[in-house]
Amino acid sequence: MGRVASCKSCGPGYKTPLDAMKGPREKIVYLPCIYRSTGIKKPDYLATVDVDPDSATYSQVIHRLPMPHLNDELHHSGWNTCSSCFGDHTKTRDKLILPCLISSRVYVIDVGTEPRAPRIHKVVEPEDVLKKTGLANLHTSHCLGCGEIMISSLGDACGNGKGGFVILDGKTFEVKGNWEVDGHAAPLGYDFWYQPYHNVMISTEWASPNTIRDGFKIEDVIAGRYGSKLHVWDWTKHTRIQTLDLGQEGLIPLEIRFLHNPRADQGFVGCALSSSVFRFYKTEDGKWATEKVIQVPNKKVAGWAMPEMPGLITDILISLDDRFLYFSNWLHGDIRQYDIIDTRKPKLVGQIFLGGSVLKGGPVKILEDSELKSPPEPVIVKGRQVPGGPQMIQLSLDGKRLYVSTSLYSDWDKQFYPDMVKTGAVMLQIDVDTKHGGLKLNPNYMVDFGKEPDGPVLAHEIRYPGGDCSSDIWVVETDK
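Rules of the game
Residues numbered from 1 in each chain as written. Predicted model: local features only at pLDDT ≥ 70, side-chain atom pairs only at ≥ 80, totals over all residues. Heavy atoms only, no water. Helix = DSSP H or I, 4+ residues; strand = E, 2+ residues; numbered from the N terminus. Rg over C-alpha atoms; globule rule 2.2 N^0.38 Å. Buried < 20%, exposed > 50% of the residue type's maximum accessible area, 1.4 Å probe, protein only. Contact = heavy atoms within 4.5 Å. Areas by Shrake-Rupley, 256 points an atom, 1.4 Å probe, with all protein chains shown as cover. Disulfide = S-S within 2.5 Å. Core = buried A, V, L, I, M, F, W, Y, C linked by side-chain atoms within 4.5 Å. Pairing = 2+ DSSP bridges. Polar contact = N/O pair within 3.5 Å; in protein donor to acceptor, adjacent residues only side chain to side chain.

Caption draft 1: Focus on the overall build of the chain. The secondary structure content of the chain amounts to 6 helices and 33 strands. Computed over its C-alpha atoms, the radius of gyration of the chain comes to 21 Å, within 12% of the 23 Å expected for a compact globule of 480 residues. Seen through its principal axes, the chain has C-alpha atoms that stretch 65 × 55 × 50 Å. The buried share of the chain, reckoned over its 480 residues, is 61%. Partitioning the contacts of the chain with sequence separation of at least 6, the portion at a separation of at least 24 is 59%. In the structure as shown, the chain presents an accessible area of about 18,200 Å², 50% of it carried by carbon and sulfur atoms.

Here is the structure:
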């Protein structure tokens, strides 16, 4: 991407991950709020939240952008352009790409005209996505260095599993077609991350839309309907070249993260149902392999859906300096921080409990717990007990603040945390010790989504206007 003369002509994002760590402190964040499956017949919306401690509206929703349709299930978001396009002064990060997990729409949100009050720029209808790609139930959106936008899918028009990728034009946002070569779509899909230096992309698996649509059933696990594989793709040829089966120790591999260093040949993936973290890496012969590096033990319980409760790792992050790994255990209720200087032997250096299903005095009785001597106390912030468990997490650029929301997916929220569906999700902020490790709750910060104008709502993934460690991908600079 050739060198540029001045910062004003650098294009979007930052030249390197370490440069990003020196970026400005976040002042607002965006996160989707979901009414689907809550019983409230209102459209999902994008919330703008004030995270500036010097602001009079600190920790409050300052704007709501409702979608024009019901039951979209807004989920994860990405950007029209990011640090992968650094060096191209013709690119501007001013559109948030918001795919819908259930309706298969894609909302293109203008956040550049007025960042504190976003507006809808374009709606890509599901019929157009299906007609041009044969894909549906969209999940992860990443911008590409070429200027296009790529979105992963979970299924096809009939709700069967199909892990393919939709390409949008970066200027018009029209559907251009599939990224993957015909016949190479994976059996299941979910998340993905690419690393051009090694000519590779790796994608993960959740389950087919038909499997997840009506909630979690243990029968689906027994029948093998949930994913356990990573799919390795040739980045330039768009072909699937290798499949890595994680087996029973790696059930439901969800969020996948390469190390941020664009030359890195390794990363981590969190496996929800197995409560494990696998390291994936490039071998000497150019193939890819995996090894389990973290295991969260199940708890033997009574008064719950199953006799053993997994932690359910639902989100993971890597700090921009590749020093720390973070993940959330949605059911056990804790967030963990690991030192990953030695990527083969992550070291637990921070842990904090924020709700969960095994609280002291709660309906679930712990029969055997290899980690805790007693259940954690309920967490109360600003007079309200934290509902559900920590789910989506987002780290500030400097790594010193971790934001947390509590909703996973409305059908699973309704099943595992029905009280949260009735009373609304929350968003919290954790202070991070970046020298030695350690996590501490900020008692002055809580966004209570139970007090929204149209009733309690479920809040999901958190995104900063200037990009963050889960939306930006860096590519190696080369001279033109």
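Caption draft 2: Structural detail: the state of the cysteines. Counted under the stated rule, the structure contains 1 disulfide. Between the sulfur atoms of C82 and its disulfide mate C143 the distance is 2.3 Å. Separated by 61 residues along the polypeptide, C82 in the loop between strand 4 (78-79) and strand 5 (95-99) and C143 in strand 8 (residues 136-143) bring together distant segments of the chain. C143 shares its class with C82; the two are buried.

Caption draft 3: Here's a closer look at the nonpolar core. With 66 residues, the main nonpolar core has V49, I109, W206, Y226, M427 and F449 as its most contacted residues. Broken down by element, the residue count for this core peaks at 6 residues, all from strand 1 (residues 28-34). Excluding its chain neighbours within four sequence positions, the residues that come into contact with Y226 are L188, W206, A207, T211, I212, G215, F216, K217, D220, V221, I252 and W412.

Caption draft 4: Expanded view of the sheet that holds strand 33 (residues 458-459). The sheet built from 4 strands is open, its strands ordered 3-2-1-33 with antiparallel pairing. On the outer flanks of this sheet lie strand 3 (61-66) and strand 33, each paired with one strand and no other. Two strands pair when backbone bridges link them, and strand 1 and strand 2 (residues 45-50) are joined in this way by 6 bridges, in the antiparallel orientation. Residue pairing across strands places I28 opposite D50, the latter belonging to strand 2.

Caption draft 5: Up close: the environment of H89. Following the sequence through the fold, H89 ends up in the loop between strand 4 and strand 5. Once the C-alpha coordinates of H89 and P12 are considered, the two residues, 77 residues apart in sequence, prove to be 7.5 Å apart.

Caption draft 6: Main features of the pairing of strand 20 (residues 299-302). The two faces of strand 20 differ: K299 and V301 on one face are buried, but K300 and A302 on the other face are not. Alignment of strand 20 against strand 21 (residues 308-309), held across 2 bridges, turns out to be antiparallel. Bridge pairing in strand 21 links K299 to M309. Hairpin connection, strand 20 to strand 21: the antiparallel pair is bridged by 5 residues, and G303 has positive phi, about 85°. Relative to strand 26 (residues 365-368), strand 20 is paired through 3 bridges, and the arrangement is antiparallel. The partner of V301 across the bridge, within strand 26, is I366.

Caption draft 7: Region of the structure containing the environment of T343. Tracing the backbone shows T343 in the loop between strand 24 (334-339) and strand 25 (347-353). Between the C-alpha atoms of T343 and P262, which are 81 residues apart in sequence, the distance is 16 Å. Those residues in contact with T343 that sit more than four places away from it in its chain are L259, Q266, F268, R279 and V293. A distance of 2.7 Å separates polar atoms of two side chains, one belonging to T343 and the other to Q266. Only 3.4 Å separates the side chain of T343 from the side chain of R279, close enough to count as a polar contact.

Caption draft 8: Highlighting the sheet that holds strand 4. Spatially, 4-5-6-7 is the arrangement adopted by the 4 strands of the open sheet, whose pairing is antiparallel. At either end of the open sheet lies a strand with only one pairing partner, and these are strand 4 and strand 7 (119-124). In terms of strand pairing, strand 5 meets strand 6 (residues 106-110) through 5 bridges, oriented antiparallel. Looking at the pairing, I97 lines up with V108 of strand 6.

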